[in-house]
Amino acid sequence: MSSRSLLTWRLPRGELALGRRTLIMGIVNVTPDSFSDGGRFLSPQAAVDQGLRLLDEGADILDVGGESTRPGAEPVPAEEEQARVLPVIRGILARRPGAVVSIDTYKAAVAAAALEAGAQIVNDVTALRGDADMAALVAQRGAGLVLMHMRGEPRTMQKDPRYDDVVAEVTAFLQRQAQAAQEAGVAREAIVVDPGIGFGKNLEHNLALIRHLGSLRALGYPVLLGASRKTFIGQLTGREQPRDRLWGTLGAHVVGAALGADIVRVHDVAPLKEALVVTDAILAAGEES
Ligand code: HH2
């Protein structure tokens, strides 16, 4: 947070203050095949309960997803994806009308239905390249927009990814897509950028992107970091099972927050909340002295 200036994220029903403390986006996967929790929350009730639990643990945002983007994953038809996520979004908002819900999709039809059901943010892992109608939809609804960098597509993205300068290339891509979003009518204050940890990147690429989050933040958009339980953490710690990667996940997000992440996207909210309370307090003390 030392390099974080104060920003606000403009959403349809209010604003989120960024830069004072690190916000937590809790992951609610309604999928049979997500890499770390696939199938666990496939019934709408289980997913709603998981969302409510994450809110109780301190999540500021819930990110609901109905299609896995893990390496090798196959796309899901829009109707199937909607059938998975809509009851969950409605169920969460029926119990917690004030909750901020994000829809993790690159399909405009799914995003439109989710926004109609009360979601306020579209988390697009293709950064508007997946569906030509997405930018106009987000603009028209005044939704928040997460633009994430991905090299290739989930089916093939981990096959020998190469960059000349990963930090410069990812930063330039996100700048271009943020510009394109604004040209389509999305407000600058609605946009958040994300380097896309694990999406067409090897260990060295992922480490460089987190180490240099500050240069992404220097574009002037809030930065979201999603490293939770990902493969590179297993490579470093030897933890083969994604659910065993919590401690490595804590390390990645604590240092990410210190280097410029405004929002972290995680499966395990309670431990992250405590780690970030301490991280944010230390960074704030640094700013006062
Ligand atoms: N990572 C995943 C999915 N969506 N969105 C953003 N903005 N940033 C990320 O890093 C990101 C994301 C992958 O994690 P998960 O949702 O747990 O798995 P799966 O895609 O297999 O459902």
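You'll find the structure just up there.
Predicted model only: the values in this text are computed from it and were never measured.

1. Brief notes about the sheet that holds strand β8 (residues 191-194)
Argument step 1. With parallel pairing, the 8 strands of this open sheet are ordered in space as β8-β7-β6-β5-β4-β3-β10-β9. Since the sheet does not close on itself, it has two edges, and those belong to β8 and β9 (224-225), each with one partner.
Argument step 2. Bridge count for strand β5 (residues 101-104) against strand β6 (residues 121-124) is 3 bridges, and the pairing is parallel. Within β6, the position partnered with D104 by the bridge is N123.

2. Some words on the pairing of strand β4 (residues 61-65)
Argument step 1. Taken across its 5 residues, β4 has 5 buried, putting it largely inside the fold.
Argument step 2. Here β4 shows two buried faces, one formed by I61, D63 and G65 and the other by L62 and V64.
Argument step 3. Where strand β3 (residues 23-29) and β4 come together, 5 bridges link them in parallel fashion. Of the residues in β4, the one forming a bridge with G26 is L62.
Argument step 4. Note on the crossover from β3 through helix α1 (residues 44-56) to β4: the handedness is right-handed.
Argument step 5. Alignment of β4 against β5, held across 4 bridges, turns out to be parallel. Paired with V64 across the strands is I103, a residue of β5.
Argument step 6. You can see the chain leave β4, run along helix α2 (residues 78-95) and come back into β5, and the turn it takes is right-handed.

3. Considerations on helix α9 (residues 246-259)
Given 3.6 residues per helical turn, the α-helix brings residues three or four places apart onto the same face.
Argument step 1. The terminal C-alpha atoms of α9 lie 20 Å apart, and with 14 residues this matches the ideal 20 Å at 1.5 Å per residue to within 8%.
Argument step 2. Following α9 by one or two positions, G260 adopts a phi angle in the positive range, close to 135 degrees.

Reading guide: rules and limits
- Residues numbered from 1 in each chain as written.
- Predicted model: local features only at pLDDT ≥ 70, side-chain atom pairs only at ≥ 80, totals over all residues.
- Heavy atoms only, no water.
- Pairing = 2+ DSSP bridges.
- Helix = DSSP H or I, 4+ residues; strand = E, 2+ residues; numbered from the N terminus.
- Buried < 20%, exposed > 50% of the residue type's maximum accessible area, 1.4 Å probe, protein only.
- Right-handed = clockwise from strand over helix to strand, strands pointing away.
- Expected span 1.5 Å × (residues − 1).

Coordinates in, geometry out; function isn't part of it.
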